[in-house]
Amino acid sequence: MTEATPRWDDLRRITDELQLKIHLAEMDTRDRWRELQPQLGEFEHQIADAGGTASTAVAHELSELGAGLRHLSGDLVRRLRGNYMQGW
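Residues numbered from 1 in each chain as written. Predicted model: local features only at pLDDT ≥ 70, side-chain atom pairs only at ≥ 80, totals over all residues. Heavy atoms only, no water.

## Comments concerning the overall build of the chain
For clarity, the cut-off: Strands are runs of DSSP state E lasting at least 2 residues, helices are runs of H or I lasting at least 4, and numbering of each runs from the N terminus. Only protein chains enter the area calculation, which uses a 1.4 Å probe; residues under 20% of their type maximum are buried, those over 50% are exposed, and those in between are partly exposed. A contact between two residues is defined here by any heavy atoms of the two lying within 4.5 Å. Using a 1.4 Å probe, accessible areas were evaluated by the Shrake-Rupley method; residue-level cover was limited to the displayed protein chains.
The helix and strand tally for the chain stands at 2 helices and 0 strands. Relative to its full complement of 88 residues, the chain shows a buried share of 11%. Sequence-distant contacts in the chain: of pairs separated by 6 or more residues, those separated by 24 or more amount to 64%. Total accessible area on the chain stands at roughly 6,900 Å², and carbon and sulfur atoms take up 58% of it.

## Here we look at a nonpolar patch on the surface
Spelled out, the test is: A patch consists of residues exposed above 30% relative accessible area that lack any salt bridge, with like charges linked at up to 9 Å and nonpolar side chains (Val, Leu, Ile, Met, Phe, Trp, Tyr) linked at up to 5 Å. By definition, a salt bridge exists where a carboxyl oxygen of Asp or Glu is found within 4 Å of a side-chain nitrogen of Lys or Arg.
Together, Trp8, Leu11 and Ile14 line one region of the surface with nonpolar side chains, adding up to about 310 Å² of accessible area. Looking at where Leu11 falls in the secondary structure, it is placed in helix 1 (residues 4–49). Take Leu11: its relative accessible area is 48%, and that puts it in the partly exposed class.

Set out below in C-alpha coordinates:
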(Lines give C-alpha, C1' and ligand atoms only; values in the text may rest on other atoms or scores of the structure.)
Protein backbone atom coordinates (compact mmCIF):
# COMPACT_ATOMS: atom_id res chain seq x y z
CA MET A 1 0.00 0.00 0.00
CA THR A 2 1.10 3.49 -0.75
CA GLU A 3 0.63 6.59 1.35
CA ALA A 4 -2.17 7.69 -1.03
CA THR A 5 -4.30 4.64 -0.22
CA PRO A 6 -5.20 5.64 3.37
CA ARG A 7 -5.98 9.13 2.15
CA TRP A 8 -8.29 7.73 -0.52
CA ASP A 9 -9.95 5.52 2.09
CA ASP A 10 -10.48 8.59 4.28
CA LEU A 11 -12.02 10.48 1.38
CA ARG A 12 -14.35 7.57 0.62
CA ARG A 13 -15.40 7.38 4.29
CA ILE A 14 -16.06 11.12 4.39
CA THR A 15 -18.01 10.88 1.14
CA ASP A 16 -20.15 8.06 2.52
CA GLU A 17 -20.83 10.01 5.72
CA LEU A 18 -21.70 13.09 3.69
CA GLN A 19 -24.15 11.19 1.52
CA LEU A 20 -25.86 9.77 4.62
CA LYS A 21 -26.13 13.20 6.28
CA ILE A 22 -27.55 14.76 3.12
CA HIS A 23 -30.04 11.92 2.76
CA LEU A 24 -31.20 12.25 6.38
CA ALA A 25 -31.44 16.04 6.09
CA GLU A 26 -33.47 15.68 2.90
CA MET A 27 -35.86 13.25 4.59
CA ASP A 28 -36.33 15.52 7.59
CA THR A 29 -36.81 18.57 5.38
CA ARG A 30 -39.30 16.77 3.12
CA ASP A 31 -41.29 15.56 6.13
CA ARG A 32 -41.47 19.04 7.63
CA TRP A 33 -42.37 20.56 4.25
CA ARG A 34 -45.16 18.00 3.76
CA GLU A 35 -46.60 19.09 7.10
CA LEU A 36 -46.58 22.78 6.15
CA GLN A 37 -47.57 22.53 2.47
CA PRO A 38 -51.26 21.63 2.97
CA GLN A 39 -51.65 24.59 5.30
CA LEU A 40 -50.42 26.91 2.56
CA GLY A 41 -53.11 25.69 0.17
CA GLU A 42 -55.80 25.87 2.82
CA PHE A 43 -54.93 29.45 3.73
CA GLU A 44 -54.74 30.46 0.10
CA HIS A 45 -58.32 29.24 -0.38
CA GLN A 46 -59.52 30.95 2.79
CA ILE A 47 -58.05 34.26 1.68
CA ALA A 48 -59.47 33.88 -1.82
CA ASP A 49 -62.89 33.10 -0.35
CA ALA A 50 -62.65 36.18 1.85
CA GLY A 51 -62.03 38.35 -1.19
CA GLY A 52 -58.34 38.85 -0.55
CA THR A 53 -58.72 40.04 3.03
CA ALA A 54 -57.85 37.88 5.97
CA SER A 55 -59.91 37.70 9.11
CA THR A 56 -58.15 37.99 12.45
CA ALA A 57 -58.20 34.20 12.92
CA VAL A 58 -56.79 33.55 9.46
CA ALA A 59 -54.19 36.28 9.92
CA HIS A 60 -53.10 34.59 13.16
CA GLU A 61 -52.86 31.19 11.47
CA LEU A 62 -50.91 32.72 8.59
CA SER A 63 -48.54 34.28 11.09
CA GLU A 64 -47.97 30.89 12.72
CA LEU A 65 -47.45 29.22 9.35
CA GLY A 66 -44.98 31.94 8.39
CA ALA A 67 -43.12 31.35 11.64
CA GLY A 68 -43.00 27.62 10.88
CA LEU A 69 -41.63 28.25 7.40
CA ARG A 70 -39.02 30.69 8.71
CA HIS A 71 -38.06 28.16 11.40
CA LEU A 72 -37.65 25.42 8.79
CA SER A 73 -35.53 27.72 6.64
CA GLY A 74 -33.37 28.72 9.61
CA ASP A 75 -32.91 25.09 10.62
CA LEU A 76 -31.69 24.24 7.14
CA VAL A 77 -29.20 27.10 7.15
CA ARG A 78 -27.94 26.18 10.64
CA ARG A 79 -27.65 22.53 9.67
CA LEU A 80 -25.67 23.37 6.56
CA ARG A 81 -23.40 25.73 8.50
CA GLY A 82 -22.97 23.18 11.28
CA ASN A 83 -22.12 20.40 8.86
CA TYR A 84 -19.66 22.68 7.09
CA MET A 85 -18.02 23.74 10.36
CA GLN A 86 -17.76 20.09 11.47
CA GLY A 87 -16.22 19.10 8.17
CA TRP A 88 -19.41 17.29 7.19
